[in-house]
Amino acid sequence: LNRRYWSHDERGILNAQDSLGSCLAAVGRDDEAIALRREVFARSETVWGVSEQSIVTGLNLSISLMRQGLWNEIKSFLRDQLPVARRTLGADHDLTLSLEEGLAVALASNAGGTRDGLLEAVTIMQDVVQRRRRVFGPAHPDTRQAERRLSALRKMLVHRDV
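Residues numbered from 1 in each chain as written. Predicted model: local features only at pLDDT ≥ 70, side-chain atom pairs only at ≥ 80, totals over all residues. Heavy atoms only, no water.

This next bit is on the overall build of the protein chain. Helix and strand counts for the protein chain come out as eight helices and zero strands. Listing the helices and strands of the protein chain from first to last along the sequence gives α-α-α-α-α-α-α-α. What you see for the protein chain is a C-alpha radius of gyration of 17 Å, in line with the 15 Å of a compact globule of 162 residues. In terms of overall dimensions, the protein chain has C-alpha extents of about 60 × 30 × 25 Å along its principal axes. Burial status across the protein chain gives 43% buried among its 162 residues. Relative to all contacts within the protein chain whose residues are 6 or more apart in sequence, the contacts with residues 24 or more apart total 60%. Here the protein chain contributes 23 positive and 21 negative side-chain charges, whose respective centroids are spaced 3 Å apart. (Helix = DSSP H or I, 4+ residues; strand = E, 2+ residues; numbered from the N terminus. Rg over C-alpha atoms; globule rule 2.2 N^0.38 Å. Buried < 20%, exposed > 50% of the residue type's maximum accessible area, 1.4 Å probe, protein only. Contact = heavy atoms within 4.5 Å. Lys, Arg positive; Asp, Glu negative; His and termini not counted. Charge placed at Lys NZ, Arg CZ, Asp CG, Glu CD.)

Written as structure tokens, this is what we have:
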């Protein structure tokens with residue numbers, strides 16, 4: 001519908017396609033969601049430039065990749081996107097922190113997580129928790145979620161060392 005009647009509105013089309021990707025993921029059609037989100041992300045920087053919106057499309061793509069367990073691809077993708085997010089939005093922006101949390105999850109989840117990967121994940125999450133507490137406060141739901149992730153990563157590391 002968007003392309004047919006508003007083909008000149010590339011931004012609107014990308015927003016609609018990104019929303020469609022969320023819907024596809026919500027109903028378990030992850031392969032289709034990934035394909036669509038890859039397309040949206042590839043076009044997003046051309047349409048929006050490097051911006052908060054293009055970073056959102058990258059975060060959405062990484063979430064879809066996580067649902068499929070494509071850990072190596074996520075790690076590579078997020079390592080590329082994090083410097084862009086830090087430069088564009090700042091290190092303490094919610095989207096930047098969410099991308100860092102995604103990288104920590106990917107490092108820990110990749111084939112059970114190597115010891116070095118787990119150590120890096122814990123280091124990343126310690127930093128994220130500290131910044132979330134400072135920026136959003138200790139009672140914020142995202143701060144609490146980050147604290148739970150950090151606790152789980154520390155437990156994984158302890159069990160790995162046993």
